[in-house]
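# Structural overview for review
These are the residues of each chain, in order.
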Amino acid sequence: MTLPDLNLLVTLDVLLQEGSVARAAERLRLSPSAMSRALARLRETTGDPLLVRAGRGLVPTPRALELRERVNQLVQDGQAVLRPAKKLRLKQLVRTFTLRTSDGFVENFGPKLIARISQEAPGVRLRFMQKSDKDSTPLRDGVVDLETGVLGKTTGPEVRVQALFRDRFVGVVRMGHPLSQGKLTPARYAAGRHICVSRRGQDKGPIDEALNPLGLEREVVTIVAGFSAALALARTSDLIASVPERHTENLRAGMYSFPLPVSVPEITVSLFWHPRLHADLAHRWLRGCVRDVCADHPADSTAP
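Per chain, the residues get numbers from 1 upward, laid out in the order the sequence is written. Only residues with pLDDT of at least 70 are given local features in this predicted model, and only at 80 or more are side-chain atom pairs given and counted; all residues enter the totals for whole chains, interfaces and linings. To obtain the side-chain values, all non-hydrogen atoms of the structure were used and water was disregarded.

To continue, consider the overall build of the protein. Along the backbone of the protein there are 10 helices and 12 strands. For 304 residues, the compact-globule estimate of 2.2 N^0.38 gives 19 Å, and the protein exceeds it by more than 25% at 32 Å. Taken along its principal axes, the extent of the C-alpha atoms in the protein is 105 × 40 × 25 Å. Only protein chains enter the calculation, and the probe is 1.4 Å; a residue is then buried if its accessible area is under 20% of its type maximum, exposed if over 50%, and partly exposed in between. Expressed as a percentage of the 304 residues in the protein, the buried residues total 41%. A sequence separation of at least 24 residues applies to 74% of the contacts in the protein between residues at least 6 apart. Note that accessible areas follow from Shrake-Rupley with a 1.4 Å probe, and for residues the cover is restricted to the protein chains shown. A total accessible area of about 16,900 Å² is found for the protein, and carbon and sulfur atoms account for 53% of it. We count Lys and Arg on the positive side and Asp and Glu on the negative side, and we leave His and both chain ends out. Charge positions are represented by NZ for Lys, CZ for Arg, CG for Asp and CD for Glu. With 44 positive and 32 negative side-chain charges, the protein shows a separation of 5 Å between the mean positions of the two kinds. Only runs of H or I of at least four residues qualify as helices and only runs of E of at least two qualify as strands under DSSP, and these elements are numbered from the N terminus. Radius of gyration here is computed from C-alpha atoms only, and the compact-globule reference equals 2.2 Å multiplied by the residue count raised to the power 0.38. Only heavy atoms matter for contacts: two residues are in contact if any of them lie within 4.5 Å across the pair.

Moving on, we get to the packing of aromatic side chains. Each Phe, Tyr or Trp ring (for Trp, its six-membered ring) is paired with any other whose centre lies within 6.5 Å, and the angle between the two planes then decides the class: stacked below 30 degrees, edge-to-face above 60, tilted in between. Scanning the model with the defined rule gives four aromatic pairs in all. In textbook terms, an aromatic cluster arises when at least three aromatic residues are bridged by ring pairs, as seen for F105, F109 and F165. Counted as over-ring charges are cases with an Arg CZ or a Lys NZ within 6 Å of the ring centre that also lie within 35 degrees of the ring normal. Above the face of the W273 ring, R287 is positioned so that its terminal group lies 4.4 Å from the ring centre.

So, about the side chain of R246. Topologically, R246 is positioned in the loop between β10 (240-244) and β11 (256-259). A carboxyl oxygen of Asp or Glu within 4 Å of a side-chain nitrogen of Lys or Arg is what we treat as a salt bridge. Although R246 is buried, it forms no salt bridge, and the closest oppositely charged side chain is D167 at an N-O distance of 5.9 Å. Side-chain atoms alone can form a polar contact between residues adjacent in sequence; in general such a contact is a pair of N or O atoms within 3.5 Å, and within protein one must be able to donate a hydrogen while the other accepts it. A polar contact is formed between the side chain of R246 and the backbone oxygen of C294, at a distance of 2.5 Å.

Before going further, it helps to examine the sheet that holds β10. Strands qualify as paired when DSSP identifies two bridges or more between them. Taken in spatial order, the five strands make up an open sheet running β9-β8-β10-β7-β11, and their pairing is mixed. Each edge of the open sheet carries a strand with a single partner, namely β9 (219-224) and β11. Going from strand to strand, the sheet's axes swing by 35° on average, the running direction of each strand aside. Axis definition: a line fitted to C-alpha atoms, over the contacting stretch in the case of helices. Angles run 0 to 180 degrees between N-to-C directions. Contacts between helix α9 (residues 227-235) and the sheet are confined to β7 (169-173), β8 (193-197), β9 and β10, with β10 contributing the most and set at about 150° to the helix.

Another aspect to go through is the nonpolar core. Membership of the largest hydrophobic core comes to 23 residues, with the highest contact counts inside it found for W285 and V290. Elements that contribute at least two residues to this core include exactly β3 (95-101), α5 (105-120), β4 (124-130), β6 (160-167), β12 (267-273) and α10 (281-295). Looking at this core element by element, the count peaks at seven residues for α10. Those residues in contact with W285 that lie beyond four places of it in its chain are L88, L90, L93, F97, I117, E120, A121 and V124. Grouped together as the second largest cluster of nonpolar side chains are 19 residues, L15, L39, L42 and L51 included. Definition used in this section: a nonpolar core is a set of buried Ala, Val, Leu, Ile, Met, Phe, Trp, Tyr and Cys residues joined via side-chain atoms within 4.5 Å.

Residue count minus one, scaled by 1.5 Å, sets the expected span of a helix. Its 21 residues give helix α4 (residues 62-82) an end-to-end C-alpha distance of 31 Å, which sits within 8% of 30 Å, the value for a rise of 1.5 Å per residue. When the local axis directions of α4 are compared, the greatest deviation, roughly 40°, occurs at R68. Taken together, the buried positions of α4 are occupied by A64, L67, V71 and V75. On its buried side, α4 packs onto α1 (7-18) and β2 (57-60). Each residue is assigned a bend, namely the angle between axes fitted to the seven residues that terminate at it and the seven residues that start at it.

With that out of the way, let us pick up the sheet that holds β12. With respect to topology, five strands assemble into an open sheet ordered β4-β3-β5-β12-β6, the strand pairing being mixed. Here the strands that pair on one side only, and so sit at the sheet edges, are β4 and β6. Here the strands of the sheet are splayed against their neighbours by 20° on average, with no regard to which way each runs. Across seven bridges, the pairing between β6 and β12 is antiparallel. For R160, the partnering residue across the bridge sits in β12 and is W273. Taken strand by strand, α10 contacts β3, β4, β5 (146-150), β6 and β12, and its axis lies near 45° from that of β3.

All we've got here are geometric facts, nothing functional implied.
Written as structure tokens, this is what we have:
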């Protein structure tokens, strides 16, 4: 099926407004002959003369009168679609954004983010989803608007990524735990009973790789899927949790935190979104809010 030339809608709109080939040509900056050819194409496309001679002028046919308002509205709507987006009015914005976040993000950054959103755009609501994997399908399918986490090999190549902050791992134990007193050495740390955090259920990670050259090995007594679960266990036992510092600041309240006695690479927590939302003004504003909240969130000071 051959689609009609939609540019003819603009020509028809001007012709019906002016009722004159010469005036329509001048308005569209065309020659009278070019406008006459456009009118011929319109007549062929619609199957109607549209404008007919009456004395020295042209008058619209019944079909042209029927089309006049509809064509004008279509042209206005088309122009509105193709204009740049209007300035965002946050106070009038009504929208729900879905954020998929790693364990601990909501507890640490959620309250400040929600407070800012409520102040600037009271009609906006945030829906937080737990991040169980690094699959980019939810972003691609539009189920998720924004995502936070560490860039992985399974992240879609088209996904936009922006770093939010760097984070380091720290050890955490209950107050009064033996590791909260005295000099902490790699041997003392490794000799404790540990909680391993792994979404895939693995019992080894970067910490174990750092201990291996020293001839040391942790005793992992339990494996959990998230940092909050690890800290909940450590809070009421002699188990040791090793978690990202900034991601878990509020969750570690009332516990003893210490720098790991071995060198473990820092992680970069980033913001992810799909390209189709990149130019959306409301989405751009939300991304800025998340960045600002994370930037304003100072790293926690651990025990020396």
